[in-house]
Amino acid sequence: MGDEIDAIGTMAEGALVARTTEDKAGETVANHDSAACLNCGEIRTGNYCGNCGQSAHIHRSIGAFWHDILHGVLHFEGKFWRTMPMLAWKPGELTRRYIHGERARFISPMSLFLFAIFMMFAIFSFMPGGSGSIEDYMDSDEITEAAEKLDQQITEGMDRLEASGELSAEKRKMLEEQIDEWKTERNGISYVRTGKPKYADAESKIDADGLKISAGSGLDSGWPALDDTVNNFVKKTQTNPDLILYKLKSNGYKFAWLLIPLSIPFVWLVTIGVRGHRFYDHAVFTTYSLAFMSLMFIAVVLLGAFGIGTGLTIPLALGYGLFHLYRQLRHAYALTRMGALVRLVFLLASIVIVMVLFALTLLVLGMLS
């Protein structure tokens with residue numbers, strides 16, 4: 001139950017973080033008579049103070065308190081109902097109108113992107129194999145079974161060494177090396193769980209992660225720091241690939257925002273020759289597009305979780321994703337149909353490059369962690 005509570009908290013936190021970047025501009029309250037602002041004392045002539053901006057509507061009821069919580073977390077009013085239909089069907093018009101100054105009417109692209117990423121993390125935490133803490137993962141049944149299997153292999157190997165005097169020197173050496181590898185791998189799990197090795201006789205062969213590569217093996221570029229980083233990462237991948245995949249997935253959530261700065265230069269390249277646009281415009285285009293794709297991905301995952309065949313939903317989502325990019329590109333930059341199609345091809349190639357760069361960034365972060 002703890003993971004579900006954490007997931008709910010994460011979703012609420014994401015919505016509230018997004019809300020801090022999205023003020024209440026464009027949302028109206030009931031008109032109030034002129035009076036002094038309760039915050040700064042300035043005479044107010046409308047729904048908001050002209051000096052400090054505080055709303056005229058002040059409440060002190062517990063019902064209103066819960067309304068504030070639901071409003072801050074869900075934000076299902078006003079801007080939401082104006083933004084989401086346009087994001088889904090008229091993304092280019094939404095992008096263009098936001099760029100040209102209609103900021104109070106729509107949810108900002110960054111707020112929507114942050115909410116989508118936190119929503120994705122929270123929902124996936126509910127799914128089987130979802131993201132929990134690294135401690136929860138290392139205490140999972142999967143890792144416990146792996147540790148028990150390693151202990152059994154080590155015990156059986158040691159018994160064979162003690163009971164088999166007829167082993168040739170070559171086979172004995174091979175068995176000793178295999179046992180050392182098992183001990184090193186088992187110590188890696190023990191280090192993460194307890195901070196101590198289980199097999200002290202193998203401690204000299206491992207580092208703080210329990211996964212040190214022997215001298216003379218692996219990459220030898222002449223840069224010791226680089227060699228150690230790459231070689232240790234390779235060893236970690238070999239000895240515990242599930243842990244590396246977990247770290248990459250976790251870093252994917254934390255650093256999803258990197259997709260924005262990685263994408264903007266490519267959007268600029270794709271739209272070279274289209275006059276009257278700045279890098280800010282490309283940032284809005286990119287962020288709205290990433291927010292929509294994230295929300296659509298969440299929808300596909302949820303449909304799959306409810307038993308609706310992915311054999312149908314995935315092709316439909318991919319097809320609509322292409323159509324969505326085409327519409328956003330064409331209408332945001334006022335392109336012709338042919339011009340939008342040609343630039344879409346280059347944009348798709350750019351997406352592949354961006355995803356490769358993002359994956360490499362996650363790999364580097366995995367090496368350093």
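Residues numbered from 1 in each chain as written. Predicted model: local features only at pLDDT ≥ 70, side-chain atom pairs only at ≥ 80, totals over all residues. Heavy atoms only, no water.

A. Spotlight on a negative patch on the surface. A cluster of like negative charges, contributed by Asp141, Glu142, Glu145 and Glu148, occupies part of the molecular surface. Its place among the elements puts Glu142 in helix α7 (residues 141-163). (Patch = residues over 30% accessible without salt bridge, like charges linked within 9 Å, V, L, I, M, F, W, Y side chains within 5 Å. Areas by Shrake-Rupley, 256 points an atom, 1.4 Å probe, with all protein chains shown as cover. Salt bridge = Lys/Arg side-chain N within 4 Å of Asp/Glu carboxyl O. Lys, Arg positive; Asp, Glu negative; His and termini not counted. Charge placed at Lys NZ, Arg CZ, Asp CG, Glu CD. Helix = DSSP H or I, 4+ residues; strand = E, 2+ residues; numbered from the N terminus.)

B. Up close: the nonpolar core. Ranked by size, the top nonpolar core spans 29 residues in total, and within it Leu87, Leu94, Phe106, Leu112, Phe113 and Tyr288 carry the most contacts. Listing elements by their share of this core, those giving two or more residues are α3 (79-89), α4 (91-99), α5 (109-126), α11 (259-270), α12 (279-305) and α14 (337-368). The element that contributes the greatest number of residues to this core is α12, accounting for 7 residues. Leaving out residues up to four positions away in the same chain, Leu112 has contacts with Thr83, Met84, Leu87, Ile107, Tyr288 and Ala291. Val274, Tyr333, Leu335 and Leu344 belong to the second largest nonpolar core, which has 13 residues in total. (Core = buried A, V, L, I, M, F, W, Y, C linked by side-chain atoms within 4.5 Å. Buried < 20%, exposed > 50% of the residue type's maximum accessible area, 1.4 Å probe, protein only. Contact = heavy atoms within 4.5 Å.)

C. Representation of the packing of aromatic side chains. Scanning all chains against the criterion turns up 8 aromatic pairs. Between Trp89 and Phe323 the ring centres are 5.8 Å apart and the planes differ by 45°, which places this aromatic pair in the tilted class. Here Trp89 is found in helix α3, whereas its partner Phe323 is found in helix α13 (residues 310-332), with 234 residues between them in sequence. Accessibility expressed as a relative area gives 32% for Phe323, which makes it partly exposed. A connected cluster of aromatic rings, assembled from ring pairs, spans Trp89, Phe292, Tyr320 and Phe323. In this structure, Arg103 is placed above the aromatic ring of Tyr98, and the distance from its NZ or CZ to the ring centre is 5.0 Å. Sitting over the ring of Trp89, Arg327 keeps its end group 4.6 Å from the ring centre. (Phe/Tyr/Trp six-rings, centres within 6.5 Å; stacked < 30°, edge-to-face > 60°. Lys NZ or Arg CZ within 6 Å of the ring centre and 35° of its normal.)

D. Representation of the environment of His324 within the structure. On the secondary structure map, His324 appears in helix α13. Residue classification places His324 among the buried positions, given a relative accessible area of 1%. Linking His324 and Lys90, residues 234 residues apart in sequence, is a C-alpha distance of 8.3 Å. Beyond its immediate stretch of four places on either side in the chain, His324 contacts Leu87, Ala88, Pro91, Phe292 and Met293. From its side chain, His324 meets the backbone oxygen of Leu87 in a polar contact 2.6 Å long. (Polar contact = N/O pair within 3.5 Å; in protein donor to acceptor, adjacent residues only side chain to side chain.)

E. Region of interest: unusual backbone geometry. Positive phi values are uncommon outside glycine, yet Ala334 reaches one of about 50°. Looking at where Ala334 falls in the secondary structure, it is placed in the loop between α13 and α14. Residue Ala334 is classed as exposed on the basis of its relative accessible area, which comes to 69%.

F. Expanded view of the pattern of salt bridges. A full pass over the atoms with the stated rule returns 4 salt bridges. In this structure, the salt-bridge partner of Glu93 is Arg97, at a minimum N-O distance of 3.2 Å. Taken together, the residues span about one helical turn, with Glu93 and Arg97 both in helix α4 at a distance of 4 residues. A salt bridge links Arg97 to Glu102; the nearest nitrogen and oxygen atoms lie 2.9 Å apart. Classification of Glu102 as partly exposed rests on a relative accessible area of 29%.

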